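These are the residues of each chain, in order.
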Amino acid sequence: MLNLILFGPPGSGKGTQAVNLKERFHLLHLSTGDLLRSEIKQETKLGLEAKHYIDAGKLVPDAVVIGMIKDKLDQHDKDVKGIIFDGFPRTVPQAEALDKLLEEKKCPIKKVLALKVNDEELVRRMLTRGIISGRSDDADENISRGRITEYNHKTAPLADYYKAQHKFVEVDGEGSIESIFELLSKEIEKNKVAV
Ligand code: AMP
């Protein structure tokens, strides 16, 4: 199994690239943001609880997102070549839980691909996405900046967690969508031989 994590701050292009990589490498795309937005749309109890955090630009509690990922891993179609995780893990306890879940299935994370984008570009992209998609957490500049702060405090330390496992690779996330896609694909190709 080619299990990968697409890592990076909000607005770094994880969602866009994950959809394209999923097609090229026949992967299952698991985005906790998408799963949470679907729960909100269906007005489930979990969705209503999560909305409060998302609208404030804060992370949803670990137990909620870990539970969602566990359910998806148990249900998923065994024909896929691997999984691309997008927006998960976002904290060290989430990463530890994911390692444990994948260890049980004997298919660990092969690589963590980190998109590097400067803060002003991140804010610009989130505000543009807010206008196009209507996402409430993208529409307000203060909330967008708060999400970057939340990322720096809680998510960025994961880089060291995966560096210690020799799985962390940084990719320039500031070019065109196509050029970034090629950079990411090249990194994944290096691992395919080892699948
Ligand atoms: P995203 O679509 O990945 O940018 O996620 C949108 C929002 O959903 C985030 O700002 C968080 O509030 C919440 N969220 C998504 N994934 C996670 C996660 N792994 N842990 C905690 N909160 C998350």
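Here the structure is shown first, and the text comes after it.
Thresholds, definitions, all that
Residues numbered from 1 in each chain as written. Predicted model: local features only at pLDDT ≥ 70, side-chain atom pairs only at ≥ 80, totals over all residues. Heavy atoms only, no water. Salt bridge = Lys/Arg side-chain N within 4 Å of Asp/Glu carboxyl O. Helix = DSSP H or I, 4+ residues; strand = E, 2+ residues; numbered from the N terminus. Buried < 20%, exposed > 50% of the residue type's maximum accessible area, 1.4 Å probe, protein only. Arc of directions from axis to C-beta. Contact = heavy atoms within 4.5 Å.

K.L.:
If you had to explain the pattern of salt bridges to someone new, which residues and values would you point to?
P.N.:
Here the structure, examined in full by the defined rule, presents 17 salt bridges. The shortest N-O distance in the salt bridge between Arg37 and Asp34 comes to 2.9 Å. On the criterion of helical spacing, the pair formed by Arg37 and Asp34 is a turn pair, its members being three residues apart in helix H2 (residues 32-41). A residue is classified by how much of its surface remains accessible, and Arg37, at 29% relative accessible area, is partly exposed. When the shortest N-O distance is used, the salt bridge between Asp137 and Arg147 registers 3.6 Å. With Asp137 in helix H7 (residues 136-139) and Arg147 in helix H8 (residues 141-155), this residue pair connects regions lying ten residues apart in the sequence. Like Asp137, the residue Arg147 is buried in the burial classification. Salt bridges sharing partners connect three or more residues here, namely Arg129, Arg135, Asp137, Asp138 and Arg147.

K.L.:
Please set out helix H3 (residues 45-55) residue by residue, giving values where relevant.
P.N.:
For H3, every residue scored as buried is listed here: Gly47, Ala50 and Ile54. Along the axis of H3, the buried residues cluster in a sector spanning 70°; they form a single face. Summarising the geometry of H3, the exposed residues directed more than 90 degrees from the buried face are Lys45, Leu48 and His52. If you follow the buried residues of H3, they end up packed against H2 and H7.

K.L.:
Pulling in residues and values, what's your account of the environment of His166?
P.N.:
As for its placement among the helices and strands, His166 is situated in the loop between helix H9 (158-163) and strand S5 (168-172). Looking at His166, the relative accessible area reads 75%, which means it is exposed. Through-space distance from the C-alpha of His166 to that of Lys110 is 9.5 Å; in sequence the pair is 56 residues apart.

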